[in-house]
Amino acid sequence: MGIQPIDLQNMYSQMNNVAKVVSNQQQGSQLTQAMQESLRIRQDAEMASQVQKTSGEESKASKIKDETSSSQNRNNSENKKQKEESDENKKNIVEYRETYLGQNIDILG
C-alpha cells in the first residue's frame, strides 16, 4: 500500500500542530529541570547558612565544661586557703614604726 496524495495533504496540515506539541514538551522539560536546579541551589544555600552540629562536638563540649568547672572549684579552694594563710600571717607580723616619720617636713631640701 503506497502513500496517496490525500494522505500527504492531511499530514502537512497537521505538521504545524505536531511541531507545537513537540516544542511545548521540550520547553516543559527544560522548565521543570530549571525549577529543580533553582530549588536545589536554594536548599544548598540554606544548608550552608545553618550551623551544623556533630556528635563529636557535643561530647568534647561536655568534657571541657567538666574540666573548667572542676578547675574553677580547685582554684576557689586554693584561693581560700591562700587567703586564710595570708590572714594568719598578717596577725602574726608585728609592725615597728618610727614615731617621728611623717612628722617633719623638709622644705629646703
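Counting restarts for each chain: residues are numbered from 1 in the order of the written sequence. Where totals are concerned, whole chains, interfaces and linings use all residues; where local detail is concerned, this predicted model gives features only for residues with pLDDT of at least 70, and gives and counts side-chain atom pairs only at 80 or more. Side-chain calculation: all heavy atoms of the structure are included, whereas hydrogens and water are not.

Give me the overall build of the protein: which residues, what numbers.
Helix and strand counts for the protein stand at two helices and zero strands. Partly exposed describes any residue whose relative accessible area lies between the buried limit of under 20% and the exposed limit of over 50%, with all areas from a 1.4 Å probe on protein chains only and scaled to the type maximum. Residues counted as buried form 0% of the 109 residues belonging to the protein. All accessible areas in this document rest on Shrake-Rupley with a 1.4 Å probe, and a residue is counted as covered only by the protein chains that are shown. For the protein, the accessible area works out to roughly 11,200 Å², and carbon and sulfur atoms hold 52% of it. To qualify as a helix, a DSSP run of H or I must reach at least 4 residues; to qualify as a strand, a run of E must reach at least 2; elements of each kind are numbered from the N terminus.

Can you tell me about helix 1 (residues 5-49), naming the residues and giving the values?
With 45 residues, helix 1 should cover 66 Å at 1.5 Å per step; its first-to-last C-alpha distance of 66 Å lies within 8% of that length. Of all the bends found along helix 1, the most pronounced is centred on Gln 14 and spans about 40°. Every helix has an expected span of 1.5 Å times one less than the residues it contains. Here the bend at a residue means the angle between the axes of two seven-residue stretches, the one that ends at it and the one that starts at it.

I'd like to hear about a negative patch on the surface, residue by residue, with values.
A surface patch of negative charge is lined by Glu 84, Glu 85, Asp 87 and Glu 88. Among the secondary structure elements, Glu 88 is positioned in helix 2 (residues 55-92). A patch consists of residues exposed above 30% relative accessible area that lack any salt bridge, with like charges linked at up to 9 Å and nonpolar side chains (Val, Leu, Ile, Met, Phe, Trp, Tyr) linked at up to 5 Å. Any Lys or Arg side-chain nitrogen found within 4 Å of a carboxyl oxygen on Asp or Glu counts as a salt bridge. Note on charges: Lys and Arg go in the positive column, Asp and Glu in the negative column, and His and the chain ends are not counted at all. Where a charge lies is defined by one atom per residue type: Lys uses NZ, Arg uses CZ, Asp uses CG and Glu uses CD.

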